[in-house]
Amino acid sequence: AKQPLHTLFGQMFTQMFGLGPEFLRAETDSNAWTVVLEGEGGIDAGGPFREVMRLTAAELQRVPSSISVPSQSGRGPRILQLLIPCPNAKNNMGENRDRWLLNPGCLEDESLSMYSFLGRLMGHSLRTGESIPLQLSPIFWKQLLDPEYPSTFLMK
């Protein structure tokens, strides 16, 4: 599915992806960019940056049923489909019902580039200590740390 670029994540992706991964390699305790919220006064001393990261995580974790809700701009839905609720959330049973997985249906070049950018944001978060409040499923972290995990898990 084509990802909406008018979301916060889409705007960051559009403005920063072409700058390369080194752009987000900020020093510890400093951000690689500053945030200016239109219509809001003040200087970005960290609060606006954290708010944008919180809102971006909320966009990435928006429930797909809201897909019919038009955006404020009227340019279509403001939902990214890069993450999907884990199966337990769909079935409303078991553990991790509040967790999210990568969407296996997002294989277009644009979506893969967005996944790469999300990884860069996560790396920036680890280096600077500014969290991205994503509720990713434990299977995501297991696969990230051990790429052989699915095959070794199935072999046992």
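Just above sits the structure.
On a predicted model such as this, the values are computed, not experimentally measured, just so you know. (Residues numbered from 1 in each chain as written. Predicted model: local features only at pLDDT ≥ 70, side-chain atom pairs only at ≥ 80, totals over all residues. Heavy atoms only, no water.)

Engineer: Now, about the overall build of the protein chain: what can you tell me, with residues and values included?
Structural biologist: The helix and strand inventory of the protein chain stands at six helices and two strands. Residue burial in the protein chain is summarised as follows: out of 156 residues, 35% are buried. The long-range fraction of contacts in the protein chain, counting pairs at least 24 apart against all pairs at least 6 apart in sequence, stands at 57%. When the accessible surface of the protein chain is summed, it comes to about 9600 Å², and 57% of that surface belongs to carbon and sulfur atoms. (Helix = DSSP H or I, 4+ residues; strand = E, 2+ residues; numbered from the N terminus. Buried < 20%, exposed > 50% of the residue type's maximum accessible area, 1.4 Å probe, protein only. Contact = heavy atoms within 4.5 Å. Areas by Shrake-Rupley, 256 points an atom, 1.4 Å probe, with all protein chains shown as cover.)

Engineer: Account for the nonpolar core, with residues named and values stated.
Structural biologist: One finds Phe9, Leu60, Phe117, Leu121 and Leu134 to be the most contacted residues of the largest nonpolar core, which totals 26 residues. Contributing elements (two or more residues each) for this core: α1 (8-16), α2 (47-60) and α4 (109-128). A total of six residues in this core trace back to one element, the largest contributor, which is α4. (Core = buried A, V, L, I, M, F, W, Y, C linked by side-chain atoms within 4.5 Å.)

Engineer: Account for unusual backbone geometry, naming residues and giving values.
Structural biologist: Notably, Asn92 is not glycine yet its phi reads approximately 50 degrees, a positive angle. Looking at the secondary structure, you find Asn92 in the loop between α3 (87-91) and β2 (100-102).

Engineer: Residues and numbers for the pattern of salt bridges, please.
Structural biologist: Evaluated as defined, the whole model comprises two salt bridges. Arg54 is the partner of Glu51 in a salt bridge, and the nearest nitrogen-oxygen pair spans 2.7 Å. Of this pair, Glu51 and Arg54 both sit in helix α2, three residues apart, which is roughly one turn of that helix. Residue class for Arg54 comes out partly exposed when judged on its relative accessible area of 41%. The partner of Arg99 in a salt bridge is Asp98, and the shortest N-O contact between them spans 3.3 Å. Of the residues examined, Asp98 reaches a relative accessible area of 44% and is grouped as partly exposed. (Salt bridge = Lys/Arg side-chain N within 4 Å of Asp/Glu carboxyl O.)

Engineer: Hey, could you go over α2 for me, with residue numbers and the actual values?
Structural biologist: A rise of 1.5 Å per residue sets the reference length of α2, with its 14 residues, at 20 Å; its end C-alpha atoms lie 20 Å apart and thus fit the reference within 8%. Among the residues making up α2, those that are buried are Phe49, Val52, Met53, Thr56, Ala57, Glu59 and Leu60. Projected down its long axis, α2 carries its buried residues within an arc of 155 degrees, all on one side. (Expected span 1.5 Å × (residues − 1). Arc of directions from axis to C-beta.)

Engineer: Go over the side chain of Thr7, please, and point to the residues and values.
Structural biologist: Summarising the element assignment, Thr7 is placed in the segment before α1. According to the relative accessible area criterion, Thr7 is buried, its value standing at 0%. Polar contacts involving the side chain of Thr7 include one to the main-chain amide nitrogen of Gly10, which spans 2.9 Å. (Polar contact = N/O pair within 3.5 Å; in protein donor to acceptor, adjacent residues only side chain to side chain.)

Engineer: Quick rundown of the packing of α1 against α2? Include the residues and the values.
Structural biologist: A pair of packed helices is characterised by two quantities: the angle between their axes and the separation of those axes. Contact geometry for α1 and α2: axes closest at 8 Å, N-to-C directions at 110 degrees. The angle between α1 and α2 places the two elements in the roughly perpendicular class. Within the contact between the two elements, α1 uses Leu8, Phe9 and Met12 and α2 uses Val52, Leu55, Thr56, Glu59 and Leu60. (Axes fitted to C-alpha atoms, helices over the stretch in contact; angles between N-to-C directions. Parallel < 35°, antiparallel > 145°, perpendicular 65-115°, else oblique.)

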